[in-house]
Every structure is written in C-alpha cells, then in structure tokens.
Amino acid sequence: MDTVIDKVLDKKFDERFATLKELFLAYRNSERCLPAFNVNDNYDLRAVVESASELDTNVMVMTYPPVVELNSPEVCRALVDGIKKTAKHNVYLHLDHSTSVDMCKHAIDVGYDSVMFDGSQLPIEENIAKTKEVVDYAASANVVVEAEIGKIMGRDVIVNSPDDFLASVEDVVNLYETTKADIIAVGIGTAHGFTPEEPKIYFDRLKEISLAIPAPLVLHGGTGIPDADIQKSITMGIAKINIGTIVHSTYMKFAKQEIDKAGAGAYPPFIMKEVLPEIKKVVADRLKAVNV
Ligand SMILES: [Zn+2]
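Position numbers for residues start from 1 in each chain and track the written sequence from start to end. Only residues with pLDDT of at least 70 get local features here, since the model is predicted, and only at 80 or more are side-chain atom pairs given and counted; chain-wide, interface and lining totals rely on the full set of residues. Processing note: side-chain calculations cover all non-hydrogen atoms of the structure and skip hydrogens and water entirely.

Chemist: I would appreciate a short explanation of the overall build of the chain in the present structure.
Modeler: In terms of helices and strands, the chain carries 12 helices and 8 strands. Within these notes, the globule rule equals 2.2 Å times the number of residues to the 0.38 power, and the radius of gyration is based on C-alpha atoms. The globule rule puts the C-alpha radius of gyration for 292 residues at 19 Å, and the 18 Å found for the chain is close to it. Along the first, second and third principal axes, the C-alpha atoms of the chain reach 60 × 45 × 45 Å. Buried residues are those whose accessible area, probed at 1.4 Å on protein chains only, stays under 20% of the maximum for their type, while exposed residues exceed 50% and partly exposed ones sit between those limits. By residue count, 53% of the 292 residues in the chain fall in the buried class. Put simply, DSSP H or I for four residues or longer makes a helix, DSSP E for two residues or longer makes a strand, and each gets a number counted from the N terminus.

Here it is in structure tokens:
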C-alpha cells in the first residue's frame, strides 16, 4: 500500500527533551508522533523496547488497568526501569484508560511518566471535574495527564446515536481550558481492536480541534488504522498514537501455537523465545507506519 512515509523520512529532530511534556509539544509542533504500545508483562515489554531501539526511536509503553491490577503499579514501574537500561532511546511509562482517579494518583505516586484519566463515559461536567483533580495531583510530580473527549468505539463503549462518539470542538475547548490536561484523546471515528471495515476518520473534525487548542492530541485504536490515515492525522495535531490489540493478539496466537507444539513439555522461556520475535515484527511494522 502506498503511503506518504517516504516523503517525510528525511526529517531530523533534536532528541534532547528535558521532560515528556516538552517532547509532546515539540512533536506536535513538528508533525511528529510518539508511538505508544500496550504491554502486559516483561516479555511483550521487551519486544516493544527492542524493536524501538532497532528503529532508533523513543517509545511509550502503556499498562491497561487489568495489567496494573494484576501486577501493581510498583511492579510495572520496576519492570520498565529494568528494561530501560537496555534501550537506545527514552522509554516512557503510561497508565492507559484509567476510569479511576485513585488508580491515576497511585501511578503518579510510584513515578509513572504519564497517566490517562478516561472520563469519556461520564457527563462532560464530571469528566472535566475528575480530569482536573488528576491534573492538579500530577502537577507537582510533573507527570503528563491525558484526557479523553468523545468516544473511542469498540470494547464496552456505548454509542447512543450515530455521531455520539464524535468529540465536539466546544467540549474539547472547555475541557482543555478548565483542566489544562497535557494531551487529549479525541473521538474522531477510530475504534479499539480489529474492525471489520476500515474506520472512517473524521479528519475535518480533527483539523477543527487542532486549530482550536494547542495541546498535543492522541489517536486511539492504532491497530486498525491504515498507514496513510495515521500519517495524515500526524499532520493535524496527533502527537501520540495508541497501539494495543495487535500486540496482545500476536502474543496469544503464537504462544498458543508454540504451547500446542510443545505439548506437556511446554516450558515458558523456550515458548517465549519463539514468540518474542513475532511480537517484535508487528511492533516494527507499526513503528514504520508512524514514521519514527
Ligand atoms: Zn484507547
């Protein structure tokens, strides 16, 4: 498939950023995007970090609440601290889609670089109030806060009318001005996971939002979005893209295949040695789509 990737590959950027906030602003202003991958344990974490090092890029790894609940934020932080020592560039740790203010605060306390409070299912006033509580708490620790406006479809998200998912410019401006959230995920037609058809992205709305606020914007549902649409969105304020499903589905598919092959003798390190390169391949493919 043709993409615009070749056209922009020669961009050169200064990689010295004092903080993640600074990186996001610089990325938004230079039409660049930080790839962010959901990880579940030390194995897919290692695959993501190795792949990012091989492609010479900063990367963000994200823990979804069930991963945090199972492992604790402390263990997630320690795993990333360990693997970071082997990385060529920066590896940032993010809490993804937390609907709990307390979980966000806990992650901030243990040194996460970034947290997302997802109030997209709440009435707008409540979303704004809770997002602001997290932003205020994160301020002294200089932790990035991601807010969400509109809805990313898929999973258990309830869409009440055909354009219920679409972020309104007015709501985005209201949320941004009231909370001063650092980065904002916007519902513009993308969906989590594999989708039967290519998602229809509302680029006009994305453009309107990016003209209305200076905050870096976040695109969710990176598994199912065509490369050309990813590239286009990066020219319209998207400075972070979330990629999750392709990582865990590849992990599970190849783990099952290897376990079936090994039968009763299945031994985790031997299984994972075969699975890891498969995860690295899909991560590299998405890194190239983001044009790191
Ligand atoms: Zn998401």
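From this point, things continue past the structure.
Chemist: Just checking my understanding: could you explain the pattern of salt bridges for this structure?
Modeler: When the charged atoms of two side chains with opposite charge come close together, those side chains can pair. Here a salt bridge means any side-chain nitrogen of Lys or Arg lying within 4 Å of a carboxyl oxygen belonging to Asp or Glu. In total, this model carries 17 salt bridges according to the counting rule given. The salt bridge involving aspartate 113 is made with arginine 77; its shortest N-O contact spans 3.3 Å. Residue aspartate 113 is located in the loop between helix H6 (101-109) and strand E4 (114-117), and its partner arginine 77 is located in helix H5 (residues 73-84); the two are separated by 36 residues in the primary sequence. Arginine 77 gets classed as buried once you look at its relative accessible area, which sits at 8%. Taken together, the shared-partner salt bridges connect Arg46, Glu50, Glu54 and Lys280 into one network.

Chemist: How do you make sense of the packing of aromatic side chains when you look at a structure like this?
Modeler: Note on aromatic pairs: each is described by the distance of the centres and the angle between the planes. Here the aromatic set is Phe, Tyr and Trp, taking the six-membered ring for Trp, and pairing holds for ring centres within 6.5 Å; pairs whose planes are under 30 degrees apart are stacked, those over 60 apart are edge-to-face, and all others are tilted. By the definition in use, this model includes 2 aromatic pairs. Centroid distance tyrosine 267 to phenylalanine 270: 5.0 Å. Interplanar angle 80°. Geometry classified as edge-to-face. Counted as over-ring charges are cases with an Arg CZ or a Lys NZ within 6 Å of the ring centre that also lie within 35 degrees of the ring normal. Above the ring of tyrosine 202, the side-chain terminus of lysine 200 is found at 4.2 Å from the ring centroid. Above the ring of phenylalanine 203, the side-chain terminus of lysine 232 is found at 4.2 Å from the ring centroid.

Chemist: Would you mind going over the pairing of strand E3 (residues 91-98) with me for this structure?
Modeler: Within a regular strand, side chains alternate between the sheet's two faces. The buried fraction of E3 is high, at 8 of 8 residues. The β-α-β motif built from E3, the intervening H6 and the parallel element E4 has right-handed crossover chirality. If you view a crossover with the strands going away from you and the path from the first strand over the helix to the second runs clockwise, you call it right-handed.

Chemist: Got a minute to help me understand the coordination of the zinc ion in this structure?
Modeler: Distances from the zinc ion to its protein donors, His97 (NE2), His192 (NE2) and His220 (ND1), fall within 2.0 to 2.1 Å. Positions of the donor residues of the zinc ion, expressed as sequence spacing, correspond to H-x94-H-x27-H. One end of the pair, histidine 97, is in strand E3; the other, histidine 220, is in the loop between strand E7 (217-219) and helix H10 (227-234), with 123 residues separating them in the sequence. The buried category is assigned to histidine 97, whose relative accessible area is 8%. Coordinating N, O and S atoms are those within 2.8 Å of the metal (3.2 Å for Na, K and Ca), and as water is not part of the atoms, a site may appear to have fewer donors than expected.

Chemist: Looking at this structure, how should I read the packing of H6 against helix H7 (residues 124-139)?
Modeler: A pair of packed helices is characterised by two quantities: the angle between their axes and the separation of those axes. At a minimum axis separation of 10 Å, H6 and H7 run at an interaxial angle of 15°. Considering the angle they form, H6 stands roughly parallel to H7. As H6 packs across H7, the resulting crossing turns out to be right-handed. From H6, Val101, Cys104, Lys105, Ile108 and Asp109 reach across to H7, where they touch Lys130, Glu133, Val134, Tyr137 and Ala138. Any residue that is not Ala, Val, Leu, Ile, Met, Phe, Trp, Tyr, Cys, Pro, Asp, Glu, Lys or Arg is counted as polar, Gly included; the first ten are nonpolar and the last four charged. Partitioning the contact of H6 with H7 into residue classes produces 6 nonpolar, no polar and 4 charged. A fitted line through C-alpha atoms serves as each axis, taken over the contacting stretch for helices, and the angle formed by two N-to-C directions is quoted from 0 to 180°. Should an angle fall under 35 degrees it is taken as roughly parallel, and over 145 as roughly antiparallel, whereas 65 to 115 is taken as roughly perpendicular and any remaining angle as oblique. The crossing is said to be left-handed when, going from far helix to near helix, the turn is anticlockwise and less than a right angle, and right-handed when the turn is clockwise. Here a residue-residue contact requires only that any non-hydrogen atoms of the pair lie within 4.5 Å.

Chemist: What is the right way to look at the environment of threonine 19 in this model?
Modeler: Tracing the backbone shows threonine 19 in the loop between helix H1 (5-8) and helix H2 (20-29). For the pair threonine 19 and valine 144, spaced 125 residues apart in the sequence, the C-alpha separation amounts to 9.3 Å. By the criterion applied in these results, polar contacts are pairs of N or O atoms within 3.5 Å in which, for protein atoms, one can donate a hydrogen and the other can accept it, and in which residues neighboring in sequence qualify only through two side-chain atoms. For threonine 19, the side chain forms a polar contact with the main-chain nitrogen of glutamate 22, separated by 3.1 Å.

Chemist: I tried to follow the nonpolar core on my own but got confused; where do I start?
Modeler: The nonpolar side chains of a soluble globular protein tend to be buried with one another. In this text, buried Ala, Val, Leu, Ile, Met, Phe, Trp, Tyr and Cys residues form a nonpolar core when linked through side-chain atoms within 4.5 Å. By size, the foremost hydrophobic cluster in this structure holds 73 residues, and its most contacted members are Val115, Ile184 and Val186. It is helix H12 (residues 268-290) that contributes the most residues to this core, 10 residues altogether. What valine 186 contacts, discounting residues up to four positions off in sequence, is Ile149, Ile152, Ala167, Val172, Leu206, Ile209, Leu217 and Val218.

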